[in-house]
Amino acid sequence: QVQLVESGGGLVQAGGSLRLSCAVSGRTFSSYALGWFRQTPGKEREFVAADKWDNQYYADSVKGRFTISRDSAKNTVYLQMNSLKPEDTDLYYCAGKWGPVATQGREYDYWGQGIQVTVSS
């Protein structure tokens, strides 16, 4: 069973930065497509970024501000978030799947517990 554990969330002022981390269990880390999603209670989960090998995908709303990366030695995927805006406030989830990268949450098999990011104006 694959487990994903997020860390690094918190409160930051607008214009600031945060880096989220997601530790992934299992010995086939490089085989997973890994993504970040965010969700406001009562709303649909929104795609943020995804990565597999040399392919990265971003939502238009975060392109140029957020960067997804992974460290295979640590089985960890990161989301570096710069120039944060109040509208980035949300619960952020790490997700994993076998096969190619996807931007739809329903295609992911494994999910972390979520971590709160709050951006104050």
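Residues numbered from 1 in each chain as written. Predicted model: local features only at pLDDT ≥ 70, side-chain atom pairs only at ≥ 80, totals over all residues. Heavy atoms only, no water.

Novice: Now, about the side chain of Glu-6: what can you tell me, with residues and values included?
Specialist: The residue Glu-6 is located in strand β1 (residues 4-7) in this model. Buried and unpaired, Glu-6 has Arg-45 as its nearest opposite-charge partner, separated by 8.0 Å. At 3.0 Å, the side chain of Glu-6 and the backbone nitrogen of Gln-113 are in polar contact. Here Gly-114 takes part through its backbone nitrogen, which lies 3.0 Å from a polar atom of the side chain of Glu-6. Contacts of Glu-6, omitting those with residues within four sequence positions, involve Ser-21, Cys-22, Trp-36, Tyr-92, Tyr-93, Cys-94, Gly-112, Gln-113, Gly-114 and Ile-115. (Helix = DSSP H or I, 4+ residues; strand = E, 2+ residues; numbered from the N terminus. Buried < 20%, exposed > 50% of the residue type's maximum accessible area, 1.4 Å probe, protein only. Lys, Arg positive; Asp, Glu negative; His and termini not counted. Salt bridge = Lys/Arg side-chain N within 4 Å of Asp/Glu carboxyl O. Polar contact = N/O pair within 3.5 Å; in protein donor to acceptor, adjacent residues only side chain to side chain. Contact = heavy atoms within 4.5 Å.)

Novice: Before we move on, can you summarise the environment of Thr-40 with the specific residues and values?
Specialist: Mapping Thr-40 onto the fold places it in the loop between β4 (32-39) and β5 (46-52). By relative accessible area, which is 29% here, Thr-40 ends up partly exposed. Those residues in contact with Thr-40, other than ones at most four positions away along the chain, are Thr-89 and Asp-90.

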